[in-house]
Structures are given as structure tokens and as C-alpha cells.
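Structural features, examined
Each chain, written out:
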Amino acid sequence: MTADFSFEISASKGRHVTICLGGDLTGGEFARVEPNVREIIGEQNGKHGVLWDLRQVRRCDLSARRSMQKLQSEIAERKLRTAYVASRPRIRGVALWVVHTSGDKLARPFANHDQAVDWLDTSRGRMEEIIHRAKEIVSFGERKGARP
Amino acid sequence: MTVKPLTLSERMTVKFVLAMNRLTTGEVHPPDTAEEFIRFMGIRGFFRYLNFLNKFNKLMDKELGPANAQTLVGLAALMAGCGFCGYGHTLTGALMIFKERGELHPVHPFSISALFELEDHEVVEKLDEMLTKPGFEDLRRQTKRMYEIFLGELEPETEEDELLKGILDFWRWTVECTIIEGIHIVPENAKTFNSIGRDKALRKRYDAALAAEREAMAN
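Summary of the structure given here. Along each chain, residue indices are assigned from 1 in the same order as the chain's sequence is written. Naming scheme: in the order in which they are written, chains are lettered from A and ligands are numbered from 1. A pLDDT threshold of at least 70 governs which residues receive local features in this predicted model, and a stricter bar of 80 or more applies before side-chain atom pairs are shown or counted, although totals over entire chains, interfaces and linings include all residues. Excluded from the side-chain calculations are hydrogens and water; all other atoms, namely the structure's heavy atoms, are used.

1. As for the overall build of chain B
Going by this rule: By definition, any uninterrupted DSSP run of H or I lasting at least four residues is a helix, any uninterrupted run of E lasting at least two residues is a strand, and each is numbered from the N terminus. Note that the radius of gyration is over C-alpha atoms, with the globule rule given as 2.2 Å times the number of residues to the power 0.38. Throughout, a contact is declared for two residues whenever any of their heavy atoms are within 4.5 Å. Using a 1.4 Å probe, accessible areas were evaluated by the Shrake-Rupley method; residue-level cover was limited to the displayed protein chains. We count Lys and Arg on the positive side and Asp and Glu on the negative side, and we leave His and both chain ends out. By convention, the charge on Lys lies at NZ, on Arg at CZ, on Asp at CG and on Glu at CD.
When you go through chain B residue by residue, the secondary structure sums to nine helices and zero strands. Element order for chain B, N to C, with α for helix and β for strand: α-α-α-α-α-α-α-α-α. Whereas a compact globule of 219 residues would reach a radius of gyration of roughly 17 Å, chain B reaches 17 Å, a difference of no more than 12%. Judged by the C-alpha coordinates and their principal axes, chain B covers about 50 × 40 × 35 Å. Sequence separation of at least 24 residues holds for 70% of the intrachain contacts in chain B that already meet a minimum separation of 6. When the accessible area of chain B is evaluated, it comes to approximately 10,200 Å², of which 54% is carbon and sulfur surface. Counting 27 positive and 34 negative side-chain charges, chain B places the centres of these two groups 10 Å from one another.

Have a look at this one:
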């Protein structure tokens, strides 16, 4: 276990669950978090979203990444919306890898906390969001003369 | 997650895409990303994506210049956390500058690799510092504004800002697939995404000049 790893889970009635992680995230550390998250998402019964606040995470090893992917697949089965917020590019890459490889269409990584919370409050899926953005880019490209 | 196996026609398409890529860029790209694109978008969707990518590349080249366009795409990928596009496009931009001016670009796979681990505000500062080199004024401004748009700190105000936002959106879509390679790639394995990669003599001269600069900086 790493000395500076920390986690805190908060869930208020009618709101999303926030899981704050900090420090160096290893598979061993993540194993301490998993049962708590499973218990809470079990109680949620598909009603509210999950916000992974990774802004204080510095590093994440391969074992933790795989465990996160497995847990995200379980969250996807419960159709809970998920947002990851991270302030380091590497950790956002980890979050993107987790949401992509878990196949969860309701999960997305963000750099900005407010945008992450907004995501939990909308009904659009990640693919719809990407298609929506793609249409905007096509429309922008057309205005500038790059016709698809 | 169980990875969906590709059909015969999808596997043939991957082979075709990799062969075309090699012909165009002179590089052997890893099959994983091509497979993921086909798996994720389907054959028809992937070719529609490629078609628009070509048009969007032309638009960026016209508005930003080819080298700055490549570097900005690489930095958009860095922001999203993808090393595959981050390294590949910054290498392409650096080769273009080396060919055009005979000078080393401050932004390249080795100079950005450490940035992946930093906090966003530190990355913004480091990039701004790197781009104080004369001749990179436009790129410095564009990089700063693109990062601010990415962080939600700036709403696009100009046509250039709109294009920078377009790059961020387009590569958020692209790195969905390239992240499978982009999560573990090292700068040494960067691949170019442009015909400049076919110029092996240029690449050799560039690698030698960069190695000399890195050695001088280390001493």
C-alpha cells in the first residue's frame, strides 16, 4: 500500500455518489475502495450517477486500471451514468481507456468538475454526444468549405 | 470486457487500411488501432470518418498551416490523454518544421511525454515556456487558447477559436479508439501520420539533430 493514497465516498439523498481518490493508485489500493463502491451502487438501484473525482490522483498502475475497468462494466450493467474528472492528461487517458474498454456508453471523462456534474444530469449517452459533436464539426467544416 | 471478434470483411478492411497507411506514411502502424476503429465504427462508418478526416485536414492546413495543424492535433490528443495521437502528430509537425526551416521544433514526442503526468495548469505553463522560441508566436497563442477552451475557461470568440474547438471535438472522437494504444505508447514508438514520414533521409537527419540537442541539454 502507498502511504499517501486516500479515498472518500459521499452520497447524499437524491444526488450522485462522489468517489474522491488521491495519491498513487495501485491495484491493492483500489481493492480497498471497490467493496464500498459496490455496496453504494447496489443501493442506488439505477437512480443516480457516479462521479469519480480523480483530480488528486497522481499515478495509476496497470492493475488498478484493470480493476477500474471491471467495476465500470458492473456500473454499466446497472445503467448508472458515470463521469470521471481528472486534472492530469495521463489520468484522463486512464479514464478514457476505462470507459471505452468497459463498453459503458453512459460514462465520460472530463477535465472540468462542472462539466462532469452536467453530464450526470443529462440523458444523452457518450455515443450520442460524439455524434452530436461530429455533426457540429461537419457543419463548421461545411461553413468553412470542407464538405464531407 | 469481451472484445468483439472482427468478421472476415472487417479483417480484410483492416489489412487494406494498414497497407494504405504504409503506402501513404511510409510507416508500419500497429494493427490494434485500425481494428478498434473498424470494431467501433463499422466499415461504412470508418470510411465516412476517413473521408471527413481528409477534408478536415485540408481545412486545418489552409487555416493554420500544415505544421501548426499537426502540432495542435497532437496537443489536443495530449489533453485527452492519448499518447498515440499526441506523439504521432507532434512528431509530424516537428518533421515539417525541420524540413521547412532546418530547425528543431520545441514541441515533439520527447518534450511532451513528461507533460502527460503534470497538472493541467502546469502543462499550460510548460507549453507556453516551450513556445517562446522565435517563429512559434502563432502556435503559442493557439495552444494557450485551445487549452483554455478545453478546460472550459474560454468560450470561442473568433473563427480561429471555433477551429481550435473543432480540433478538440474531432480528436475527442478519434482518441476513443486510439486510446487502446495511446495509454501505453512511449515516445520512441511515435509514428507519423503524413506523407512526410516517407522521407527517410529527412527522418534520419531529424533524429540525429534531436539526439544531439537532447544530449547537450542533459550535459
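2. Focus: unusual backbone geometry
All names here are of chain A. In plain terms, the rule: In this scheme, a residue with accessible area under 20% of its type's maximum is buried, one over 50% is exposed, and one in between is partly exposed, where area comes from a 1.4 Å probe on protein chains only.
The phi dihedral of K79 falls on the positive side, at around 55 degrees, and the residue is not glycine. Mapped onto the secondary structure, K79 falls in the loop between α2 (62-77) and β4 (82-85). Take K79: its relative accessible area is 61%, and that puts it in the exposed class.

3. What to know about the environment of R214(B)
Residues and elements named next belong to chain B. On the secondary structure map, R214 appears in helix α9 (residues 200-218). Note on R214: relative accessible area 40%, which makes it partly exposed. Distance from R214 to S111, taken between C-alpha atoms, is 9.6 Å for residues 103 residues apart in sequence.

4. Focus on the nonpolar core
Stated precisely, the cut-off is as follows: Here, the term nonpolar core denotes a set of buried Ala, Val, Leu, Ile, Met, Phe, Trp, Tyr and Cys residues that are joined through side-chain atoms within 4.5 Å.
L21(A), W52(A), F56(B), I167(B) and W171(B) are the most contacted members of the largest nonpolar core, which has 103 residues in total. In terms of residue count, helix α2 (residues 31-64) of chain B provides more of this core than any other element does, 12 residues in total. For I167(B), the residues in contact, after removing those within four places along its chain, are F56(B), M60(B), L64(B), L72(B), V73(B), A76(B) and M146(B).

5. Here's the deal with the pairing of strand β2 (residues 17-25) of chain A
For a regular strand, the rule is simple: side chains alternate between the two faces of the sheet. Residues and elements named next belong to chain A. Heads up, the condition is: A strand pair is defined by DSSP finding two or more bridges across the two strands.
Of all nine residues in β2, eight are buried; the element is thus mostly enclosed. Alignment of β2 against strand β3 (residues 50-60), held across eight bridges, turns out to be parallel. Looking at the pairing, L25 lines up with C60 of β3.

6. Looking at the packing of helix α5 (residues 126-143) of chain A against α2(B)
Let me state the cut-off plainly: With axes taken as lines fitted to C-alpha atoms, and helix axes fitted only over the stretch in contact, angles between N-to-C directions fall between 0 and 180 degrees. Each crossing is labelled by how the near helix is turned from the far one, with a counterclockwise turn of less than a right angle marking it left-handed and a clockwise turn marking it right-handed. For this classification, Asp, Glu, Lys and Arg are treated as charged, while Ala, Val, Leu, Ile, Met, Phe, Trp, Tyr, Cys and Pro are nonpolar and the rest, including Gly, are polar.
Following both chains from N to C, one finds α5(A) and α2(B) inclined at 35 degrees, their axes separated by 11 Å at the closest point. Of the two possible hands of crossing, α5(A) and α2(B) adopt the one that is left-handed. On α2(B), the residues touching M127(A), I137(A), V138(A), F140(A) and G141(A) of α5(A) are F40(B), F52(B), F56(B) and L59(B). Looking at the contact of α5(A) with α2(B) residue by residue, the classes come out as eight nonpolar, one polar and no charged.

7. Observations concerning the environment of L75(B)
Residues and elements named next belong to chain B. Tracing the chain through its elements places L75 in helix α3 (residues 66-80). For L75, a relative accessible area of 0% puts it in the buried group. Taking C-alpha positions, L75 is 9.8 Å from I167, a pair spaced 92 residues apart along the chain. In this structure, L75 is in contact with T90, V107, I112, L127, T143 and M146, ignoring residues within four places of it in sequence.

8. Regarding the pattern of salt bridges
Residue and element names in this part refer to chain B. Going by this rule: The rule for a salt bridge is simple: a side-chain nitrogen of Lys or Arg has to be within 4 Å of a carboxyl oxygen of Asp or Glu.
According to the stated counting rule, one finds 29 salt bridges over all chains in the structure shown. The residue D207 makes a salt bridge to R203 at a minimum N-O spacing of 3.2 Å. Residue D207 and its partner R203 are both found in helix α9; the two are separated by four residues, about one turn of the helix. Taking relative accessible area as the criterion, D207 reaches 35% and is therefore assigned partly exposed.

9. Observations concerning the side chain of D161(B)
All names here are of chain B. The criterion, for reference: Think of a polar contact as two N or O atoms within 3.5 Å of one another; within protein, one of them needs to be a possible hydrogen donor and the other a possible acceptor, and neighboring residues in sequence only count if both atoms come from side chains.
If you trace the backbone, D161 turns up in helix α8 (residues 159-182). Here R145 takes part through its side chain, which lies 2.8 Å from a polar atom of the side chain of D161. Not counting chain neighbours up to four residues away, the residues in contact with D161 comprise R145, I149 and P156.

10. Quick look at a nonpolar patch on the surface
We count it as follows: The patches described consist of residues with a relative accessible area above 30% and no salt bridge, like charges being joined within 9 Å and nonpolar side chains (Val, Leu, Ile, Met, Phe, Trp, Tyr) within 5 Å.
Where nonpolar side chains cluster on the molecular surface, the patch consists of F16(B), M20(B), L23(B) and F47(B) and spans about 400 Å² of accessible area. In this structure, L23(B) sits in helix α1 (residues 8-25).

11. Let's talk about the sheet that holds β3(A)
Residues and elements named next belong to chain A. With mixed pairing, the five strands of this open sheet are ordered in space as β1-β2-β3-β4-β5. Two strands bound the open sheet, and with one partner strand each, they are β1 (6-11) and β5 (107-110). Neighbouring strand axes in the sheet, compared pairwise and without regard to direction, differ in orientation by 15 degrees on average. Pairing between β4 and β5: four bridges, direction parallel. Residue pairing across strands places T82 opposite A107, the latter belonging to β5.

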